[in-house]
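A structural walkthrough
Okay, here's what each chain looks like letter by letter:
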Amino acid sequence: MPEIKLYGYATSPFVRKTGAFLYYKKLPFTHVPVSPLTAKESLSAFGGTQVPVLEIDGEWKRESSDHALWLDELFPERPLCPAEHRDQILEIDKWVSNSFLMSIFRGALDEDDSLQRRFRFWRLAAIVSAHTPLPEEVRNGWPDFVGKAPFIQAMRKHMNMEESTRDMLMRVMGELVAHIGEGPYIGGLSQPTMLDLAIVPQLLFGYIAGLEENLSALQVPQLKEWIIRVAEHLPENPVLVHDMVAIRRLSDAL
Ligand SMILES: N[C@@H](CCC(=O)N[C@@H](CS)C(=O)NCC(=O)O)C(=O)O
């Protein structure tokens, strides 16, 4: 068996995305938790702090979408980007990366300092800390400094900050429903691909990790059917959250 390692923290949507690729392909792997505070040192062999890093038998790559193509090259079974649909998939993947995944970071950029927002970010710090313990002052300060991270600030230029967070999330969900269309998978494809696997873990994360009371996407009938179809290919906890803080399963929401 190849030795596969996925470096990253569970609060990164991109890390969850690459994790879902590996689960879908049924490739056993080691998740190597990285603390965002010490990423420079822990990832020094890879010369940068960006996660996910995927390492296979001593070779490594960054960029989650490239991981899908690399995994297909090495392990063609259960393709993430089938050759006959490659152009279509890579086109929709631009929306996944630049709109859907970006929208997850919008909350970190918001000026709003509601108690609800603070609780959310304290919970996110606890999720990171379960794998890589963070000092108490860092956990307490998480709601204040996460949004200041340079890579999150850099996302501003991909977002229309005039659009409210709520409108943005509603719009992106509407676009997701349109991309699923008649289904059964995104783009009307008959098998799950990197597109479905990039998104479903993000919809499950907040519920499984105790950030949200309800799995809100299940209230949209088209999304519910699709989430269940995709999740059938994933383990009960597909979001790389430590079992200590993974308080629910998708089945609890059904
Ligand atoms: N385009 C990259 C984005 C990855 C990314 O933005 N990772 C963030 C965590 S969510 C990160 O590592 N930020 C810290 C840094 O870039 O130094 C991908 O798809 O893998």
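First things first, this report covers the structure right here in the doc.

1. Examining the nonpolar core
Core analysis: the biggest nonpolar cluster contains 57 residues, and Phe21, Leu197, Val200 and Leu204 have the highest contact counts within it. Looking at this core element by element, the count peaks at eleven residues for helix H10 (residues 194–208). Discounting chain neighbours no more than four positions away, the residues touching Phe21 are His67, Ala68, Leu71, Leu80, Met194 and Leu197.

2. A few points about the sheet that holds strand E4 (residues 59–61)
Taking strand neighbours across the sheet as the criterion, the four strands line up as E2-E1-E3-E4 in an open arrangement whose pairing is mixed. Looking at the sheet topology across the chains shown, the edges are occupied by strand E2 (30–33) and E4. Going across the sheet, the axis of each strand differs from the next one's by a mean of 20 degrees, ignoring polarity. By the bridge criterion, four bridges tie strand E1 (residues 4–8) to strand E3 (residues 53–56) in an arrangement that is antiparallel. Looking at the pairing, Tyr7 lines up with Val53 of E3.

3. Details of the pairing of E3
Bridge analysis of E3 against E4 gives three bridges, and the strand direction is antiparallel. Of the residues in E4, the one forming a bridge with Glu55 is Trp60.

4. Here's the deal with the packing of helix H4 (residues 86–103) against H10
As a packed pair, H4 and H10 sit with axes 9 Å apart at the nearest point and diverge in direction by 20 degrees. One way to sum up the angle between H4 and H10 is to call them roughly parallel. As H4 packs across H10, the resulting crossing turns out to be left-handed. From H4, Ile89, Ile92, Asp93, Val96 and Phe100 reach across to H10, where they touch Met194, Leu195, Ala198 and Ile199. Residue classes in the contact of H4 with H10 are distributed as eight nonpolar, no polar and one charged.

5. Remarks on unusual backbone geometry
Excluding glycine, residues mostly have negative phi values, and the peptide bonds linking residues are mostly trans. That bond from Val51 to Pro52 is cis: its omega, 0 degrees, falls within 30 degrees of zero. Within the fold, Pro52 resides in the loop between helix H2 (39–42) and E3. The omega torsion of the bond from Gly183 to Pro184 falls at 5 degrees, within 30 degrees of zero and hence cis. Within the secondary structure layout, Pro184 lies in the loop between helix H9 (165–180) and H10. Although it is not a glycine, Asp57 sits at a positive phi angle of roughly 45 degrees. With respect to the helices, strands and loops of the structure, Asp57 is situated in the loop between E3 and E4.

What counts, and where the lines are drawn
- Residues numbered from 1 in each chain as written.
- Predicted model: local features only at pLDDT ≥ 70, side-chain atom pairs only at ≥ 80, totals over all residues.
- Core = buried A, V, L, I, M, F, W, Y, C linked by C-beta atoms within 7 Å.
- Buried ≥ 20, exposed ≤ 12 C-beta atoms within 10 Å, placed from the backbone.
- Helix = DSSP H or I, 4+ residues; strand = E, 2+ residues; numbered from the N terminus.
- Contact = placed C-beta atoms within 7 Å.
- Pairing = 2+ DSSP bridges.
- Axes fitted to C-alpha atoms, helices over the stretch in contact; angles between N-to-C directions.
- Parallel < 35°, antiparallel > 145°, perpendicular 65-115°, else oblique.
- Left-handed = near helix turned anticlockwise from the far one by under 90°.
- Nonpolar A, V, L, I, M, F, W, Y, C, P; charged D, E, K, R; others polar.

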